[in-house]
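Read off the chains here:
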Amino acid sequence: VDDFKNVNDSVGHSAGDALLVTISERLQQCLRPGDTVARFGGDEFAVLIDGFDDPSVAMEIADRIASALREPIVVEGRQLPISASVGVAFDSTGAPVEELLRNADLAMYTAKEDGKNCARVFAREMHDATMRRLDLDARLRGAVGRNELILYYQPIIDLRSGNPSGFEALVRWQHPERGLLLPAAFIPFAEESGLIS
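Quick look at the structure, then. All values derive from a computational prediction rather than experimental measurement. (Residues numbered from 1 in each chain as written. Predicted model: local features only at pLDDT ≥ 70, side-chain atom pairs only at ≥ 80, totals over all residues. Heavy atoms only, no water.)

1. Description of the pairing of strand β7 (residues 149-157)
Sheet topology places β7 next to strand β8 (residues 164-175); nine bridges connect them, and they run antiparallel. Residue pairing for β8: Y153 is matched across the bridge by A169. Hairpin connection, β7 to β8: the antiparallel pair is bridged by six residues, and G162 has positive phi, about 80 degrees. (Pairing = 2+ DSSP bridges. Helix = DSSP H or I, 4+ residues; strand = E, 2+ residues; numbered from the N terminus.)

Here's what the structure looks like:
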């Protein structure tokens, strides 16, 4: 459920609980009698649909779920607009449950990154990107201690006089495998992960 924390923070946990009950009812209405829906975490639900191996059917169901959850819900006399980001993973080869849940989770986070209120199907690239981010996080956390961050100074020139009027300090990362990385390759991640503010 997108931005569920805002509901708890603004109208209280009892309203949040009532909202979750209504969401679960809507989810059940989108599914066949033999399908399973369960609350998986605070604001996450897992849906298990068995008996097909067509990705287009999975997307139809995901779109139906997202559409059902776009309709506002009235809780304690207050209309609450909601939406959901849906991640889809399917498998016809007997993958472990943990892998399917992880893949659905990665697809859901991709949907959130793509603006929320939509559905995305898991693709291998999502897992690869997550592994790269995990590796980047681990390496970046140790980069200072390994003296891999380097400052470059860029002069600021007064165009009228041609004289330097200041300078800008720019960081580069001398990555042991990828070479010299420009700030765009790691600063946004460092900010997002809390390594810098």
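There's plenty left to go through after this.
2. Thoughts on a nonpolar patch on the surface
There is a patch of nonpolar side chains on the surface, built from F40, V97 and L101 and spanning about 290 Å² of accessible area. Within the secondary structure, V97 is located in helix α4 (residues 97-113). (Patch = residues over 30% accessible without salt bridge, like charges linked within 9 Å, V, L, I, M, F, W, Y side chains within 5 Å. Areas by Shrake-Rupley, 256 points an atom, 1.4 Å probe, with all protein chains shown as cover. Salt bridge = Lys/Arg side-chain N within 4 Å of Asp/Glu carboxyl O.)

3. Structural notes on the packing of helix α2 (residues 13-30) against helix α3 (residues 55-68)
Direction vectors running N to C along α2 and α3 enclose 145 degrees, while the axes themselves pass 9 Å from each other. Crossing of α2 against α3: the hand is right-handed. Packed against α2, whose contacting residues are R26, L27 and C30, the element α3 presents R64, I65 and A68 at the interface. Considered class by class, the residues forming the contact of α2 with α3 number four nonpolar, no polar and two charged. (Axes fitted to C-alpha atoms, helices over the stretch in contact; angles between N-to-C directions. Left-handed = near helix turned anticlockwise from the far one by under 90°. Contact = heavy atoms within 4.5 Å. Nonpolar A, V, L, I, M, F, W, Y, C, P; charged D, E, K, R; others polar.)

4. Details of the pairing of strand β2 (residues 45-48)
Pairing geometry for strand β1 (residues 36-39) and β2, over four bridges, is antiparallel. Note on β2: the bridge partner recorded for R39 is F45. Between β1 and the antiparallel strand that follows it, β2, lie five residues.

5. Focus on unusual backbone geometry
We note that K116 has phi near 70 degrees; this positive angle belongs to a residue other than glycine. In this structure K116 comes out as partly exposed when scored by relative accessible area, which is 31%. The phi torsion at N147 lies on the positive side, around 55 degrees, for a residue other than glycine. Structurally, N147 is set in the loop between α5 (124-143) and β7. With relative accessibility at 65%, the residue N147 sits in the exposed group. (Buried < 20%, exposed > 50% of the residue type's maximum accessible area, 1.4 Å probe, protein only.)

6. Regarding the pattern of salt bridges
According to the stated counting rule, one finds ten salt bridges in the structure shown. The partner of E177 in a salt bridge is R139, with the nearest N and O atoms 2.8 Å apart. A residue pair is termed long-range when its members are at least 10 positions apart, and E177 in the loop between β8 and β9 (179-181) and R139 in helix α5 qualify at 38 residues. Note on E177: relative accessible area 59%, which makes it exposed. Residue R139 is classed as partly exposed on the basis of its relative accessible area of 22%.

7. Considerations on the nonpolar core
In terms of nonpolar packing, the biggest core is built from 24 residues, with L19, I23, I65, L69 and V86 touching the most fellow members. In terms of residue count, the dominant contributor to this core is α2 (six residues). Excluding anything up to four places from it in sequence, L69 contacts I23, R26, L27, I82, S83 and A84. L136, L140, L181 and F189 belong to the second largest nonpolar core, which has eight residues in total. (Core = buried A, V, L, I, M, F, W, Y, C linked by side-chain atoms within 4.5 Å.)

8. Here we look at the state of the cysteines
If you walk through the whole model with that rule in mind, you get zero disulfides. The thiol of C30 is not disulfide-bonded; the next cysteine sulfur, from C118, is found 16 Å away. (Disulfide = S-S within 2.5 Å.)

9. Notes on helix α1 (residues 4-11)
Within α1 the residues assigned to the buried category are F4, V7 and N8. Relative to the axis of α1, the buried residues are bounded by an arc of 95 degrees and lie together on one face. Away from its buried face, by an angle of more than 90 degrees, α1 presents the exposed residues K5, D9 and S10. On its buried side, α1 packs onto α2 and β4 (78-80). A positive phi of about 100 degrees marks G12, the residue just after α1. (Arc of directions from axis to C-beta.)

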